[in-house]
Amino acid sequence: MVTNTLNLNFLTPETLRPEVQAFADGFVTTLLHGGVALLMLMIGATIYSVLTPYKEIRQIRDGNSAAAVGYGGVIIGLAIPLAASIVASTSLAEIVLWGGATLILQLLIFRIVDFLLAGLPARMNEGEVSSAVLLVAAKLAAALLLAATVQ
């Protein structure tokens, strides 16, 4: 005898394998944490764009490769300590707290690097890719060091 109903009792949480259950429990949390982190990254990149005297987005649209290298480095440089804050956090509130703190610190560090390497941002603004590469290297090094301090 064939029944017309599909029996899905085997999918109840009690019978799911632990790996599948862990995935089902954690997937929504992963999406939420990732979404918040991406939003924070976009906010940080926007703040950087507003604070910098050089308008990288406009320059990138005009074909300035050095500006593209520089702004790409900024995005990665903001993401590194933000990623470390996600790893060190146990809740969404901690991600927002640590992520916000690392973004603020990293933006401050970016300004300090620009000050210490005086002249390089202006040369990058003029399209000098070698200046952009050195500036990005310094900012990424600072981002890695900041990320290492997050616990």
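Starting from 1, residues in each chain are numbered consecutively following that chain's sequence as written. The predicted nature of this model means local features are confined to residues of pLDDT at least 70 and side-chain atom pairs, given and counted, to a pLDDT of 80 or more, with totals for whole chains, interfaces and linings taken over all residues. Values shown for side chains rest on all heavy atoms present in the structure; no hydrogens or waters enter the calculation.

Asker: Honestly, the packing of aromatic side chains in this entry has me stumped. Any pointers?
Answerer: We describe a pair of aromatic rings using the distance from one ring centre to the other and the angle between the two ring planes. When two rings of Phe, Tyr or Trp (its six-membered ring) have centres within 6.5 Å they constitute a pair, described as stacked for plane angles under 30 degrees, edge-to-face for angles over 60, and tilted for the intermediate range. All chains considered together, the criterion is met by two aromatic pairs. Between Tyr-48 and Tyr-71, the aromatic rings sit 6.4 Å apart at their centres with planes inclined by 45°, giving tilted as the arrangement. Taken together, the positions of Tyr-48 in helix α1 (residues 18-51) and Tyr-71 in helix α3 (residues 65-88) put the pair 23 residues apart, joining distant regions of the chain. Buried means the residue's accessible area, taken with a 1.4 Å probe over protein chains only, is under 20% of the maximum for its type, while exposed means over 50%, and partly exposed covers the values in between. Relative accessible area serves as the criterion here: at 4%, Tyr-48 is assigned to the buried category. Seen in terms of ring centroids, Tyr-48 and Phe-110 are 5.8 Å apart; in terms of plane orientation they differ by 85°. Their pairing is edge-to-face. With Tyr-48 in helix α1 and Phe-110 in helix α4 (residues 92-116), this residue pair connects regions lying 62 residues apart in the sequence. Over the ring of Phe-110 we find Lys-139; its NZ or CZ atom is 5.2 Å from the centre of that ring. Counting from the N terminus, the helices are DSSP H or I runs at least four residues long and the strands are E runs at least two residues long. Whether a charge sits over a ring depends on NZ of Lys or CZ of Arg being within 6 Å of the ring centre and within 35 degrees of the ring normal.

Asker: Is there a simple way to think about the packing of α1 against α3 in this case?
Answerer: How two helices pack is summed up by the angle between their axes together with the distance between the axes. In contact at an axis separation of 10 Å, α1 and α3 are set at 140° when each is read in the N-to-C sense. When the axes of α1 and α3 are compared, the pair comes out oblique. Crossing geometry of α1 relative to α3 is assigned as right-handed. Touching Ala-37, Met-40, Leu-41, Gly-44, Ala-45, Thr-46, Tyr-48 and Ser-49 of α1 are Tyr-71, Val-74, Ile-75, Leu-78, Ala-79, Leu-82 and Ile-86, all from α3. Along the lines of polarity and charge, the residues of the contact of α1 with α3 split into twelve nonpolar, three polar and no charged. Here an angle of 0 to 180 degrees is reported between the N-to-C directions of two axes, which are lines fitted to C-alpha atoms, with helices fitted over the stretch in contact. Here the angle decides the label: under 35 degrees means roughly parallel, over 145 means roughly antiparallel, 65 to 115 means roughly perpendicular, and every other value means oblique. The crossing is said to be left-handed when, going from far helix to near helix, the turn is anticlockwise and less than a right angle, and right-handed when the turn is clockwise. Any two residues whose heavy atoms approach within 4.5 Å at even a single point are treated as in contact. Under the grouping applied here, Gly and all other residues not named as nonpolar or charged are polar, the nonpolar ones being Ala, Val, Leu, Ile, Met, Phe, Trp, Tyr, Cys and Pro and the charged ones Asp, Glu, Lys and Arg.

Asker: What should I look at first to understand the environment of Thr-52 in this one?
Answerer: If you trace the backbone, Thr-52 turns up in the loop between α1 and α2 (56-61). We classify Thr-52 as buried; its relative accessible area is 3%.

Asker: Any chance you could explain helix α6 (residues 129-149) here in plain terms?
Answerer: The α-helix advances 3.6 residues per turn, and as a result positions three or four apart in sequence lie on the same side. Helix length check: α6, at 21 residues, gives a terminal C-alpha distance of 30 Å against a target of 30 Å (1.5 Å per residue), a fit within 8%. Within α6, the full set of buried residues consists of Ser-131, Ala-132, Leu-135, Val-136, Lys-139, Ala-142, Ala-143, Leu-146 and Ala-147. One face of α6 carries all of its buried residues, which in axial projection span an arc of 140°. Residues of α6 that are exposed and point over 90 degrees away from its buried face: Ser-130, Leu-144, Leu-145 and Ala-148. For α6, the secondary structure elements touched by its buried residues are α1, α3, α4 and α5 (120-125). To estimate the expected span of a helix, count its residues, drop one, and scale the result by 1.5 Å. Directions are taken from the helix axis to each C-beta atom, and the arc is the one they span.

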